[in-house]
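Notes for the structure review
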Amino acid sequence: MKENNKLKTRDIAYIGIFVAFIAISSWICIPTTVPITMQTLGIFTTVLVLGLKRGTLAVLVYIVLGGIGLPVFSGFSGGMGILFGANGGYIIGFLFSAIIIGSIIKFFGEKIWIMVIAMLAGLLACYSFGTAWFVYVYTQTTEPVGIVAALGWCVFPFIIPDILKIFLAVILKKRIGNAIM
């Protein structure tokens, strides 16, 4: 009984640490024409290291904390306005990413190529949900926007940086993942 409590306490501690890691990652911004944050690196690494259950829970806690107004999102922002704004679908899409990444790895193992495929699938889900959300909100609040224009603004500039983050997440998993398990 005591061992289960230690395990649960340890899980909560790891989840908290990785929520903070995601927040810190979201604050790191590479200033380009379209600013690039390290937020997806935080999501990828969290799920790779913590696994499906703990990783998804960490992502959910991150989203909830941002939703209630804590400045955990990029640009030190937070609040329901961010989540329901044009780019909020990408943040909510992180939850789908976590579930997909964690599920693929849980069922197919932790080989590097499986982790890469899992993160690509999770990224595709995030892009899909986020872009659909963006088109809907942007059309409702500003003017109609086509899917190609939305992809040009919200996805295409991030593909190469996100692929680089996938490989960095694999490296981080290999370096710190075994220490946590």
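Residues numbered from 1 in each chain as written. Predicted model: local features only at pLDDT ≥ 70, side-chain atom pairs only at ≥ 80, totals over all residues. Heavy atoms only, no water.

A closer look at the overall build of the chain
As a reminder, the rule being used: For the purposes of this entry, the term helix denotes a DSSP run of H or I that reaches at least four residues, the term strand denotes a run of E that reaches at least two, and both are numbered from the N terminus. Radius of gyration: over C-alpha atoms. The globule rule applied is 2.2 Å multiplied by the number of residues raised to the 0.38 power. Each residue's exposure class comes from its accessible area (1.4 Å probe, protein chains only) as a fraction of the maximum for that residue type: buried when under 20%, exposed when over 50%, partly exposed otherwise. By definition in these notes, contact holds between two residues if any of their heavy atoms fall within 4.5 Å. The method behind every accessible area is Shrake-Rupley, applied with a 1.4 Å probe, and residues are considered shielded solely by the protein chains displayed.
For the chain, the count of helices and strands is seven helices and two strands. In the chain, the order of α-helices and β-strands from amino to carboxyl end is α-β-β-α-α-α-α-α-α. Here the C-alpha atoms of the chain give a radius of gyration of 16 Å, agreeing with the 16 Å that 2.2 N^0.38 yields for 181 residues. In terms of its C-alpha atoms, the chain occupies a principal-axis envelope of roughly 60 × 35 × 30 Å. Residues classed as buried in the chain amount to 44% of the 181 residues present. When contacts within the chain are restricted to residue pairs at least 6 apart in sequence, those whose partners lie at least 24 apart make up 66%. With an accessible surface of roughly 9600 Å², the chain has 73% of that area assigned to carbon and sulfur atoms.

Describing the packing of aromatic side chains
As a reminder, the rule being used: Each pair of aromatic rings taken from Phe, Tyr and Trp, with Trp reduced to its six-membered ring, is defined by centres within 6.5 Å and is described as stacked if the planes are under 30 degrees apart, edge-to-face if over 60, and tilted in the remaining cases.
The full count for this structure, using the stated rule, is nine aromatic pairs. Judged by centre distance (6.0 Å) and plane angle (75°), the ring pair of Phe-18 and Phe-21 falls under edge-to-face. Residue Phe-18 and its partner Phe-21 are both found in helix 1 (residues 2-27); the two are separated by three residues, about one turn of the helix. Judged by relative accessible area, which is 5%, Phe-18 ranks as buried.

Digging into unusual backbone geometry
In the Ramachandran plot, Phe-76 falls in the positive-phi region, its phi being about 55° despite a non-glycine side chain. Position of Phe-76 relative to the elements: it lies in the loop between helix 2 (39-67) and helix 3 (80-83).

Side note on the pattern of salt bridges
The condition is simple: The term salt bridge refers to a pairing of a side-chain nitrogen on Lys or Arg with a carboxyl oxygen on Asp or Glu at a separation within 4 Å.
Summed over all chains, the structure comprises three salt bridges. A salt bridge links Arg-54 to Asp-11; its shortest N-O distance comes to 3.0 Å. Pair noted here: Arg-54 is in helix 2 and Asp-11 is in helix 1, with a separation of 43 residues, a long-range link. Residue Asp-11 is classed as buried on the basis of its relative accessible area of 19%. Among the salt bridges present, the one from Glu-110 reaches Lys-173, with a minimum N-O distance of 3.3 Å. One end of the pair, Glu-110, is in the loop between helix 4 (88-108) and helix 5 (112-141); the other, Lys-173, is in helix 7 (residues 159-180), with 63 residues separating them in the sequence. Among the residues examined, Glu-110 registers a relative accessible area of 42% and is labelled partly exposed.

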